[in-house]
2 protein chains.
Amino acid sequence: MSEMNKTWVLRQRPVGEIKEGDLELVETPLEPLQEGQVRAKTVYLSLDPTNRIWMSDMDAYLPPVGIGDGMRGGGLAMVVESRHEGFQQGDIVNTGLGKWTMYPVLNGDGLAKLPRLPGVPLTAFMGPLGATGMTAYFGLMDIGKPKAGETVVVSAAAGAVGSMVGQIAKIQGCRVVGIAGSDDKCRWLTEVAGFDAAINYKSEDVGAALDRHCPNGVDINFENVGGKIMEAVIDRLNDFSRMPLCGMISTYNDTTPAPGPSNFANFLMRRTLVKGFIVIDYFPRFPEGIQQMAQWLMEGKLKFETDIVKGFENAPASLSRLFEGKNLGKLVVECSPPPE
Amino acid sequence: MSEMNKTWVLRQRPVGEIKEGDLELVETPLEPLQEGQVRAKTVYLSLDPTNRIWMSDMDAYLPPVGIGDGMRGGGLAMVVESRHEGFQQGDIVNTGLGKWTMYPVLNGDGLAKLPRLPGVPLTAFMGPLGATGMTAYFGLMDIGKPKAGETVVVSAAAGAVGSMVGQIAKIQGCRVVGIAGSDDKCRWLTEVAGFDAAINYKSEDVGAALDRHCPNGVDINFENVGGKIMEAVIDRLNDFSRMPLCGMISTYNDTTPAPGPSNFANFLMRRTLVKGFIVIDYFPRFPEGIQQMAQWLMEGKLKFETDIVKGFENAPASLSRLFEGKNLGKLVVECSPPPE
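Residues numbered from 1 in each chain as written. Chains lettered and ligands numbered in written order. Predicted model: local features only at pLDDT ≥ 70, side-chain atom pairs only at ≥ 80, totals over all residues.

Caption draft 1: Up close: the overall build of chain A. Broken down by element type, chain A carries 10 helices and 17 strands. Taking 340 residues into account, the globule formula puts the C-alpha radius of gyration at 20 Å, and chain A, at 20 Å, falls close to it. Its C-alpha atoms give chain A principal-axis dimensions of about 65 × 45 × 35 Å. The burial tally for chain A puts 49% of its 340 residues in the buried class. (Helix = DSSP H or I, 4+ residues; strand = E, 2+ residues; numbered from the N terminus. Rg over C-alpha atoms; globule rule 2.2 N^0.38 Å. Buried ≥ 20, exposed ≤ 12 C-beta atoms within 10 Å, placed from the backbone.)

Structure, rendered in structure tokens:
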């Protein structure tokens, strides 16, 4: 093979938003495979808010990416060369917690080969059947424990996680209110995804809108954002409410710690359960979650969108779409043509 | 009967600390008893941080005491007159969520008559066997779920709740670190109550002291205080830590909302479970808690102190002892002589 590999390498920790020079695209020759390995070509790279966490040296749930190391990330790739009997050219595999690299070399043992599901596009494995889908499923079902008739609020509702949370909650018989950042997103939530109501936090008073759309208060707040939006929801929590704490994207670019919610004492008065979680903790239960989500998908009960940016070289710059709220659904980078 | 009853009545909602004039001592004649009622004479009145919450019109777990109504509170009283076959003069009863009144009139049906336990003084029913003991027991056991070898931190550690939390955690085989406000209290915690370490937050850097006394981080933070002390503990939480949220006494006199913990995102990174609770939610399980605590008491495994102020007329002024951290153990007002 004469082609070179390309990898995005972390050169320095971003201060605030990611800037040019924080990551560098490095070319290296393709190394020969060892017995048991496969070489794959990245099809989709997953862009997630947590990428930004991994670039910081904040105290997080995984060690940060080292300076000089390949950027950490997940994705789907197509096998181009195999020295493992379980894989052949053209197989689609999940690269797991891999790197931002065009030609990952993977150990065949334990590597997940993706099935083809009737009527389900490959991008579903980046969304509802991928890490974001599992985040929504386990965060809502295992921590939120929704009961029919309850009111569920979800922030970043048009994102990959939020859009699934709301639809799963609808399947459970809940009233679902989403908070998102544009009228287009809000329209998608109510008209396509079946949410009962959606609030555009950029143009509406979130508190007043919550009062209007949640006449019986809030039983579950699936928290993706933090900051003032979270505070408005906390003000309206019911007794014995639950708050799966999934993300705080509003704070990841902060250079100084933001104040916590001034209504923190509400967790006491309302006997709220707040539980932080990271989807990797649920890895052993992924088969259960994927099976359920795949069934709902095939029954047409889950709508999903994929926000596709083309070109591996555009990965770092495209991350800002998440923080600027530009994506509808799962943000991915298409690095090479997907199979038919 | 020619004696008059006395009741502390709420005249206005305190702004900040309780001041003279917020409550008024009102005398009323003793009314004749109805069939099935008993009249008791208050022996001990319970003073608790939550009294201050009930005087505010903040959104709390119970409606506030109405202006013009008798102040809400619990206590023990001795039956002086009975028109219920289950009670006779001299019986000691728990007045439950009653009022600050010298001669409560109580319905005999459902009224709890206290047993006499060998070697256990009556004040135990205001502490380890009362609401504060149940708060400690259920908050720690049901939410904290301590495991042997884990590290438990408790704030307001020399108070009625904190002192029990630490000792129960020791019985469970945990390492226990208490945070309190004087050297005397810290000495009591380590030398009498058996805590592994105690931190005087008024004279020590709490963060540095936690680093020294919790070399393996913090698995359970039993939170009674809020504010900067809570923030210091949150910084040191371990993965999958638990935080029973029992009280936030540092904030109850605030006239404007205090900022929440700036390290709120740590709950996400550490996958912490935070759970607000109020002891009345556990009322149906009190028999279980009292039985276990009574057994430990009789086995000599629980030490407790009672901070006794004399005189019913001193109740309002004595509440400040809680907020100034003057009490060691359970604060009560002795309103009439206890039985031998």
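This is not the end of the story, as more comes after the structure.
Caption draft 2: Region of the structure containing helix H4 (residues 183-192) of chain B. Residue and element names in this part refer to chain B. Within the span of H4, buried status applies to Lys-185, Cys-186, Trp-188 and Leu-189. Taken down its axis, H4 places every buried residue within 160° of arc, on the same side. Counted as exposed and oriented over 90 degrees from the buried face of H4: Asp-183, Asp-184 and Glu-191. The inward-facing, buried residues of H4 contact helix H3 (160-171), strand S11 (175-180) and strand S12 (197-200). In the stretch just after H4, Gly-194 is the one whose phi turns positive, near 80°. (Arc of directions from axis to C-beta. Contact = placed C-beta atoms within 7 Å.)

Caption draft 3: Highlighting the pairing of S12 of chain B. All names here are of chain B. Across 4 bridges, the pairing between S11 and S12 is parallel. Across the sheet, residue Val-177 finds its bridge partner in S12, namely Ala-197. Crossover handedness for the path S11 to H4 to S12: right-handed. (Pairing = 2+ DSSP bridges. Right-handed = clockwise from strand over helix to strand, strands pointing away.)

Caption draft 4: Representation of the interface of chain B and chain A within the structure. Counting residues at the interface gives 28 residues for chain B, matched by 28 residues for chain A. Of all the elements in the fold, those that place two or more residues in the side of chain B that touches chain A are helix H7 (266-269) and strand S15 (273-276) of chain B. Of the residues that constitute the side of chain B that touches chain A, the class distribution is 17 nonpolar, 6 polar and 5 charged. Judged from the 3 bridges that link them, strand S15 (residues 273-276) of chain A and S15 of chain B form a sheet pairing that is antiparallel. When the bridges of S15 of chain B are listed, Val-274 of chain A appears paired with Val-274 of chain B. (Nonpolar A, V, L, I, M, F, W, Y, C, P; charged D, E, K, R; others polar.)

Caption draft 5: Focus on the sheet that holds strand S13 (residues 218-222) of chain B. Pairing within the open sheet is mixed, and its 12 strands lie in the order S12(A)-S11(A)-S10(A)-S13(A)-S14(A)-S15(A)-S15(B)-S14(B)-S13(B)-S10(B)-S11(B)-S12(B). This sheet does not close on itself; its edge strands, each paired only once, are strand S12 (197-200) of chain A together with S12 of chain B. Each strand of the sheet is rotated relative to its neighbour by a mean of 15°, with strand direction disregarded. Bridge count between strand S10 (residues 151-155) of chain A and strand S13 (residues 218-222) of chain A: 3 bridges; the pairing is parallel. Bridged to Val-154 of chain A within S13 of chain A is Phe-222 of chain A. In the packing of helix H4 (residues 183-192) of chain A onto the sheet, the strands contacted are strand S11 (175-180) and S12 of chain A, and the crossing angle to S12 of chain A comes to about 170°. Each of S11 and S12 of chain B touches helix H5 (residues 206-213) of chain B; the most contacted strand, S12 of chain B, lies at about 170° to it. (Axes fitted to C-alpha atoms, helices over the stretch in contact; angles between N-to-C directions.)

Caption draft 6: Focus on the domain arrangement of chain A. Residue and element names in this part refer to chain A. Looking at the assigned domains, one finds that chain A contains domain 1 (4-126 + 305-334) and domain 2 (131-280). A straight line from the C-alpha centre of domain 1 to that of domain 2 covers 28 Å. Contributing elements (two or more residues each) for the side of domain 1 that touches domain 2: helix H1 (49-55) and helix H10 (320-323). For the side of domain 1 that touches domain 2, the element with the most residues is H1, which contributes 3 residues. Counted by class, the side of domain 1 that touches domain 2 contains 7 nonpolar, 5 polar and 3 charged residues. (Domains from an automatic or database assignment.)

Caption draft 7: Here's a closer look at the relation of the copies chain B and chain A. Expressed as a screw operation, the relation of chain B to chain A combines 0.0 Å of axial shift with a rotation of 180°, fitting to an RMSD of 0.0 Å. In symmetry terms, the pair is related by a two-fold rotation axis. Taking C-alpha positions as the reference, the residue of chain B nearest the rotation axis is Gly-260 of chain B, at 1.9 Å. In this assembly the copies share their binding face: 100% of the residues contributing to the interface of chain B also contribute to that of chain A. (Least-squares fit on C-alpha atoms with pLDDT ≥ 70 in both.)

Caption draft 8: Focus on the confidence of the model for chain A. Here chain A shows a mean pLDDT of 95. Residues at 70 or above account for 99%. Among the prediction metrics, the complex's ipTM stands at 0.91, with pTM recorded as 0.92. (pLDDT = per-residue confidence, 0-100.)

Caption draft 9: Summary view of the nonpolar core. Within the largest apolar cluster, 200 residues are counted, with the highest numbers of intra-cluster contacts made by Val-165 and Leu-189 of chain A together with Val-165 and Leu-189 of chain B. Apart from residues no more than four positions distant in its own chain, Leu-189 of chain B is found in contact with Ala-157, Ala-158, Gly-166, Gly-178, Ala-180, Phe-195 and Ala-198 of chain B. (Core = buried A, V, L, I, M, F, W, Y, C linked by C-beta atoms within 7 Å.)

Caption draft 10: A look at the packing of helix H2 (residues 131-144) of chain B against helix H8 (residues 286-298) of chain B. All names here are of chain B. Following both chains from N to C, one finds H2 and H8 inclined at 95°, their axes separated by 10 Å at the closest point. Comparing the axis directions of H2 and H8 gives the class roughly perpendicular. Two secondary-structure elements touch here, H2 through Gly-133, Met-134, Tyr-137 and Phe-138 and H8 through Phe-286, Gly-289, Gln-292 and Met-293. For the contact of H2 with H8, the class distribution of residues is 5 nonpolar, 3 polar and no charged. (Parallel < 35°, antiparallel > 145°, perpendicular 65-115°, else oblique.)

Caption draft 11: Main features of H2 of chain B. Residues and elements named next belong to chain B. Summarising burial for H2: 12 of the 14 residues are buried, a large majority. Those residues of H2 lying buried are Ala-131, Thr-132, Gly-133, Met-134, Thr-135, Ala-136, Tyr-137, Phe-138, Gly-139, Leu-140, Ile-143 and Gly-144. Lining the buried residues of H2 we find H3, S13, strand S14 (237-245), S15, H8 and strand S17 (330-334). A positive backbone phi angle near 45° is found at Lys-145, which sits one or two residues after H2.

Caption draft 12: Fine view of unusual backbone geometry. For Ala-156 of chain A, which is not glycine, the phi dihedral falls at a positive 50°. Following the sequence through the fold, Ala-156 of chain A ends up in the loop between S10 and helix H3 (160-171).

Caption draft 13: Layout of the environment of Pro-64 of chain B. Residues and elements named next belong to chain B. Position of Pro-64 among the secondary structure elements: in the loop between helix H1 (49-55) and strand S4 (72-73). Assessed through the 17 C-beta atoms surrounding it within 10 Å, Pro-64 is described here as partly exposed. For the pair formed by Pro-64 and Arg-13, sequence separation is 51 residues and the distance between their alpha carbons is 9.6 Å. Not counting chain neighbours up to four residues away, the residues in contact with Pro-64 comprise Trp-54, Met-55, Ser-56 and Asp-57.

Caption draft 14: Main features of the packing of H2 of chain B against H3 of chain B. Residue and element names in this part refer to chain B. Contact geometry for H2 and H3: axes closest at 8 Å, N-to-C directions at 45°. One element, H2, and the other, H3, form an angle in the oblique class. Of the two elements, H2 crosses H3, and the hand of that crossing is right-handed. On H3, the residues touching Thr-132, Gly-133, Thr-135, Ala-136, Tyr-137 and Leu-140 of H2 are Ala-160, Val-161, Met-164, Val-165, Ile-168 and Ala-169. Residues that form the contact of H2 with H3 fall into these classes: 9 nonpolar, 3 polar and no charged. (Left-handed = near helix turned anticlockwise from the far one by under 90°.)

Caption draft 15: Representation of the environment of Thr-101 of chain A within the structure. All names here are of chain A. Structurally, Thr-101 can be placed in the loop between strand S7 (98-99) and strand S8 (105-107). Given 25 C-beta atoms within 10 Å, Thr-101 falls into the buried group. C-alpha separation for the pair Thr-101 and Trp-8, spaced 93 residues apart in sequence, amounts to 6.5 Å. Ignoring any residue separated from it by four or fewer positions in sequence, one finds Thr-101 in contact with Asn-5, Lys-6, Thr-7 and Gly-70.

Caption draft 16: How the structure looks around the environment of Val-9 of chain B. Residue and element names in this part refer to chain B. Here Val-9 lies in strand S1 (residues 4-10). The spatial distance from the C-alpha of Val-9 to the C-alpha of Leu-237 is 43 Å, given a sequence separation of 228 residues. Excluding its chain neighbours within four sequence positions, the residues that come into contact with Val-9 are Leu-23, Glu-24, Val-26, Gly-68, Asp-69, Gly-70 and Met-71.

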